[in-house]
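# Report on the structure
Here is what each chain is made of, one letter per residue.
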Amino acid sequence: MPATPVLQDAIAQFLVHLKSERQLSPLTVKHYQRDLQQLLDYCRQSEISRWRDADSHHIRSLVSQQHRRGAGARSLQRLLSACRTFFNYLIRERDLSNNPAIAVKAPKTPHRLPKTLNTEEMSQLLNTPADKHIALRDFAMMELMYSSGLRLTELVMLNIDSLNVAAQEVLVIGKGRKERIVPVGRHAISAVQSWLAVRNNWCKADTDSALFISQRGKRLGARSVQARMAYWGKQQGLAARLNPHKLRHSFATHVLESSGDIRAVQEMLGHANLSTTQIYTHLDFQHLAKVYDAAHPRARRKDGQP
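Since this is a predicted model, take the numbers as computed values, not measurements.

Criteria and cut-off values
Residues numbered from 1 in each chain as written. Predicted model: local features only at pLDDT ≥ 70, side-chain atom pairs only at ≥ 80, totals over all residues. Heavy atoms only, no water. Phe/Tyr/Trp six-rings, centres within 6.5 Å; stacked < 30°, edge-to-face > 60°. Helix = DSSP H or I, 4+ residues; strand = E, 2+ residues; numbered from the N terminus. Buried < 20%, exposed > 50% of the residue type's maximum accessible area, 1.4 Å probe, protein only. Core = buried A, V, L, I, M, F, W, Y, C linked by side-chain atoms within 4.5 Å. Contact = heavy atoms within 4.5 Å. Axes fitted to C-alpha atoms, helices over the stretch in contact; angles between N-to-C directions. Parallel < 35°, antiparallel > 145°, perpendicular 65-115°, else oblique. Left-handed = near helix turned anticlockwise from the far one by under 90°. Nonpolar A, V, L, I, M, F, W, Y, C, P; charged D, E, K, R; others polar. Salt bridge = Lys/Arg side-chain N within 4 Å of Asp/Glu carboxyl O. Polar contact = N/O pair within 3.5 Å; in protein donor to acceptor, adjacent residues only side chain to side chain.

Moving on: the packing of aromatic side chains. Applying the stated criterion to the full structure yields 9 aromatic pairs. For the ring pair phenylalanine 139 and tryptophan 232, a centre distance of 4.9 Å and an interplane angle of 75 degrees mean the geometry is edge-to-face. In this pair, phenylalanine 139 sits in helix 6 (residues 133–148) while tryptophan 232 sits in helix 9 (residues 222–235), placing the two residues 93 residues apart along the sequence. On the basis of relative accessibility, which here comes to 11%, the residue tryptophan 232 falls in the buried class. By way of ring pairs, the aromatic residues Phe14, Tyr32, Trp51, Phe86, Phe87 and Tyr89 are connected into one cluster.

This brings us to the nonpolar core. Ranked by internal contacts, the top residues of the largest apolar core, which has 47 residues, are Leu125, Met142, Leu144, Leu155, Phe212, Met229 and Leu247. Secondary structure elements with two or more residues in this core: helix 5 (119–126), helix 6, helix 7 (152–156), strand 2 (169–173), helix 8 (186–199), helix 9, helix 10 (244–259) and helix 11 (262–269). Element by element, the count of residues in this core is highest for helix 6, at 8 residues. Apart from residues no more than four positions distant in its own chain, leucine 247 is found in contact with Leu117, Met122, Leu125, Met142, Met145, Tyr146, Met229 and Leu242. One finds Leu40, Ile48, Leu80 and Phe86 within the second-largest nonpolar core, a separate group that totals 32 residues.

What follows concerns the packing of helix 5 against helix 10. As a packed pair, helix 5 and helix 10 sit with axes 11 Å apart at the nearest point and diverge in direction by 135 degrees. Overall, the two elements helix 5 and helix 10 adopt an arrangement that is oblique. Between helix 5 and helix 10 the crossing geometry is left-handed. For the pair formed by helix 5 and helix 10, the contact residues are Thr119, Met122 and Leu125 on the first element and Leu247, Ser250 and His254 on the second. Partitioned by chemical class, the residues of the contact of helix 5 with helix 10 number 3 nonpolar, 3 polar and no charged.

Tallied over the full model, the rule gives 8 salt bridges. Of the charged contacts in the structure, one is a salt bridge between arginine 228 and aspartate 138, with a shortest N-O distance of 2.7 Å. Taken together, the residues arginine 228 in helix 9 and aspartate 138 in helix 6 connect sequence positions 90 residues apart. The partner of glutamate 154 in a salt bridge is arginine 151, with the nearest N and O atoms 2.5 Å apart.

Another aspect to go through is the environment of asparagine 118. Mapping asparagine 118 onto the fold places it in the loop between helix 4 (73–92) and helix 5. Residue classification places asparagine 118 among the partly exposed positions, given a relative accessible area of 37%. Within the structure, the side chain of asparagine 118 is placed 2.7 Å from the backbone nitrogen of glutamate 121, a separation counted as a polar contact.

Right, dumping it as structure tokens:
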């Protein structure tokens, strides 16, 4: 049976709420829409015509169904999160008295540490003079991302006036449209200035504000940035594929290794919760463990024996 208009209308209103009131990005809203479509399809199959008829058993059954279809732990966690947020919205609108997704747990994701570049690899990547316009732009992007720990979406949304050269700072629009100011190192400042000196050769009237643009004069998109960084990683002889997030992870790891100030790293990365930043303490410990194994007399191995 087709889903009732009552169910569909509530989801449509919720998506408008995410876009207009919470001002979430179009991509985030699209992810909510995709996850809630799964909920809607399940309700249709189960002949549920009102949201108040959905209970925790239904939500648990939905998660099990998606798991059988091959959905991973992260996908199921996101699905549950979308359901919880949606039902909380219905409670706020007084269409519902309780949240049936609250008591349902998703499977845990395996704990994987983010991959980073060490300082020698960063030098290998960035210590090459750029002479062509496209190279000047690409090296400015990589220097800025590594210097300030930017997310990919934050990088592509930068405007020329986002960068304060005199103060060596950049104004970043992060998740949830939250603004933060992050320091910018001298190498990144120099690289961006070199790029700005030639940027107007590609500039068009409708993209005057964008910091990083394509050869067609349009704001550079996320996929293009990913492709360019993968290209330079290979070109510079890095062993593993380079992606933008690896530069952000490297920034966080190197700053934490040098300073030990996890609160400062949290603020610069724009993490709402300290627990998100604490992943880098595990990376730092791995680094310290390697140093210990190599340096401590009682930790050294001789002829493969402890």
